[in-house]
Amino acid sequence: MDISQSKTTRLLLSQSLDSTGQTASWIGPLLALGTRASRYSSKLEKRQLVVAVSVPIRDFAAVLIGCGWVLASKPKQLDTPLEVLRKLQAGDIIRVLNSSEIIVGRFSSLSEDQIPPRANFAGSEWNIERIKAVLPIDDPGYTARSLHPELSAIHRFAGLAKNWESHLAGPTADLGIVGTLTWINEEMKYYLGLEHDPYDLGSLDSVLLPKYLHVATWYTHLYHSTGFDERLDAANNLRSIILDGNGAISHLNELESSVIFCVIDRSLSDDTGAEVIKQLRNMRGTPLSLADDLRWNPPRGIEALAFTVPQ
């Protein structure tokens, strides 16, 4: 089921697993915006899509848009673990999934003399029948070990359950969020669910899968708006960036990502972010229709516009 197409399912946010949470008219549409923009991005040819969203207060806006982007992503198509292991060279860094963990470590060897074959990586020997997925990653020297994030109703509703192992082993990892990280990290502790299934909740963190130090898989790169200048080269390798607030939006003209979301907080009197967006649109932008091109309409209280610029 495409969550962005649903007309009847309402989403809710909860501060804890012990609460059923509360629905709000803006939760689903903000998530759907990320999904619709992801789908529209396949039509971009040497153009950059900019979507600006003006909200009464920017709580959860960036993380919900990011969740929509992630839920629309397509994982890598993976060969069987044995096929991948046969192609590896000693010293390659690999991401491996078993039934409960995700492990990133150095591959050492594969022995097919035994039945079943055994693989040696991350300092241990493994029966390959216990391995669910393997993917080489280009991150020399990186090692990590994490438990699987748990599937929730929101993952299943968006269709991720049927290829969950591929999502964890080969995530697109093409999203960045720039903003005040203390706020964003707090928001990701909240839980997202469906109104008709209020007890099967998943954390926003488990959808976004942010890249922290020593995590074994990730979808989303987080950047503090202060000092972001030093991370521009890395961010420009990503397909989408969410700029949360004026400090982040000040970098709009320096970014090369295919899709950029800008979140403007109307509770602040500072309109510098809006001015940056307005100048770019007026100088180089070609307007898009949110309703006709992105198939998205802002909920009550939220204003938005979209345009493309040459890339």
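As a starting point, this report considers the structure included with it. (Residues numbered from 1 in each chain as written. Predicted model: local features only at pLDDT ≥ 70, side-chain atom pairs only at ≥ 80, totals over all residues. Heavy atoms only, no water.)

## Regarding the overall build of the protein chain
In terms of regular secondary structure, the protein chain is built from 10 helices and 17 strands. At 20 Å, the protein chain has a C-alpha radius of gyration in line with the 19 Å of a compact globule built from 311 residues. If you line up the protein chain on its principal axes, its C-alpha atoms span 65 × 40 × 35 Å. The buried share of the protein chain, taken over its 311 residues, is 53%. Looking at the protein chain alone, contacts between residues at least 24 apart form 69% of all its contacts between residues at least 6 apart. Accessible area of the protein chain: about 14,700 Å², with a carbon and sulfur share of 47%. If you average the places of the 30 positive and of the 36 negative side-chain charges in the protein chain, the two averages end up 5 Å apart. (Helix = DSSP H or I, 4+ residues; strand = E, 2+ residues; numbered from the N terminus. Rg over C-alpha atoms; globule rule 2.2 N^0.38 Å. Buried < 20%, exposed > 50% of the residue type's maximum accessible area, 1.4 Å probe, protein only. Contact = heavy atoms within 4.5 Å. Areas by Shrake-Rupley, 256 points an atom, 1.4 Å probe, with all protein chains shown as cover. Lys, Arg positive; Asp, Glu negative; His and termini not counted. Charge placed at Lys NZ, Arg CZ, Asp CG, Glu CD.)

## So, helix H1 (residues 27-40)
One full turn of an α-helix is made of 3.6 residues, so residues set three or four places apart face in the same direction. Over its 14 residues, H1 extends 20 Å from the first C-alpha to the last, a length consistent with the 20 Å expected when each residue adds 1.5 Å. Burial within H1 is extensive, with 11 of its 14 residues counted as buried. For H1, the full list of buried residues reads Ile27, Leu30, Leu31, Ala32, Leu33, Gly34, Thr35, Arg36, Ala37, Ser38 and Tyr40. (Expected span 1.5 Å × (residues − 1).)

## Details of the nonpolar core
Leu49, Leu192, Leu204 and Phe261 are the most contacted members of the largest nonpolar core, which has 67 residues in total. Residue contributions to this core peak at nine residues, all from helix H2 (residues 61-71). When near neighbours in sequence (up to four residues on either side) are disregarded, Leu49 contacts Ala37, Tyr40, Leu44, Ser258, Val259, Ile260, Leu288, Ala306, Phe307 and Thr308. In this structure, Ala235, Ile241, Ile249 and Val309 belong to the second largest nonpolar core, which totals 21 residues. (Core = buried A, V, L, I, M, F, W, Y, C linked by side-chain atoms within 4.5 Å.)

## A word on the side chain of Glu101
Within the secondary structure layout, Glu101 lies in strand S5 (residues 101-111). There is a polar contact of 3.1 Å between the side chain of Glu101 and the side chain of Arg145. Residue contacts for Glu101: discarding those within four places in its chain leaves Val96, Arg145, Ser146, Leu147 and His148. (Polar contact = N/O pair within 3.5 Å; in protein donor to acceptor, adjacent residues only side chain to side chain.)

## Focus: the sheet that holds strand S12 (residues 197-203)
The antiparallel open sheet is built from four strands, whose spatial order is S2-S1-S11-S12. Each edge of the sheet is formed by a strand with only one pairing partner; in this case those strands are strand S2 (22-23) and S12. Relative to S2, strand S1 (residues 11-14) runs antiparallel, the two sharing two bridges. Pairing of Leu12 across the sheet is with Thr23, part of S2. Lying over the sheet, H1 contacts S1, S2 and strand S11 (191-194), oriented at roughly 105° with respect to S1. (Pairing = 2+ DSSP bridges. Axes fitted to C-alpha atoms, helices over the stretch in contact; angles between N-to-C directions.)

## Structural notes on the sheet that holds strand S14 (residues 240-244)
The seven strands lie next to each other as S13-S10-S14-S15-S3-S17-S16, forming an open sheet whose pairing is mixed. Only two strands of the sheet have a single partner each, and these edge strands are strand S13 (220-224) and strand S16 (286-288). On average, adjacent strands in this sheet sit at an angle of 20° to one another, irrespective of strand direction. Pairing analysis gives four bridges linking strand S10 (residues 175-179) to S14, with the strands arranged parallel. Bridge assignment links Val178 to a residue of S14, and that residue is Leu243. Here H1 sits on the sheet in contact with strand S3 (47-55), strand S15 (259-265) and S16, set at roughly 170° to S3. The strands that helix H10 (residues 272-284) touches are S3, S15, S16 and strand S17 (303-310); relative to S17, the one it contacts most, it runs at about 45°.

## A look at the packing of H1 against H2
In the contact formed by H1 and H2, the axes pass within 7 Å of each other and the chain directions differ by 45°. Regarding the angle of H1 to H2, the classification is oblique. As for how H1 packs across H2, the hand of that crossing is right-handed. Where H1 approaches H2, its residues Ile27, Leu30, Leu31, Leu33, Gly34, Thr35, Ala37 and Ser38 are matched on the opposing element by Ala61, Leu64, Ile65, Cys67, Gly68, Trp69 and Leu71. Within the contact of H1 with H2, the residues separate by chemical class into 11 nonpolar, four polar and no charged. (Parallel < 35°, antiparallel > 145°, perpendicular 65-115°, else oblique. Left-handed = near helix turned anticlockwise from the far one by under 90°. Nonpolar A, V, L, I, M, F, W, Y, C, P; charged D, E, K, R; others polar.)

## Structural notes on the packing of aromatic side chains
Evaluated as defined, the whole model comprises five aromatic pairs. Aromatic pair Phe60 and Tyr190: ring centres 4.9 Å apart, planes at 75°, arrangement edge-to-face. On the criterion of sequence distance, the pair formed by Phe60 in the loop between S3 and H2 and Tyr190 in the loop between helix H6 (181-187) and S11 is long-range, its members being 130 residues apart. Ring centres of Tyr142 and Trp218 lie 5.7 Å apart, and the angle between their planes is 75°; this geometry places the pair in the edge-to-face category. Here the residue Tyr142 occupies a position in the loop between strand S8 (133-136) and strand S9 (144-147), and Trp218 occupies one in the loop between helix H7 (204-208) and S13, the gap between them amounting to 76 residues. The burial state of Tyr142 is the same as that of Trp218; both residues are buried. Above the ring of Trp218, the side-chain terminus of Arg95 is found at 5.0 Å from the ring centroid. Geometry around Tyr142 places Lys211 over its ring, the cationic atom sitting 5.7 Å from the centre. (Phe/Tyr/Trp six-rings, centres within 6.5 Å; stacked < 30°, edge-to-face > 60°. Lys NZ or Arg CZ within 6 Å of the ring centre and 35° of its normal.)

These results come straight from atomic positions and should not be treated as a statement about function.
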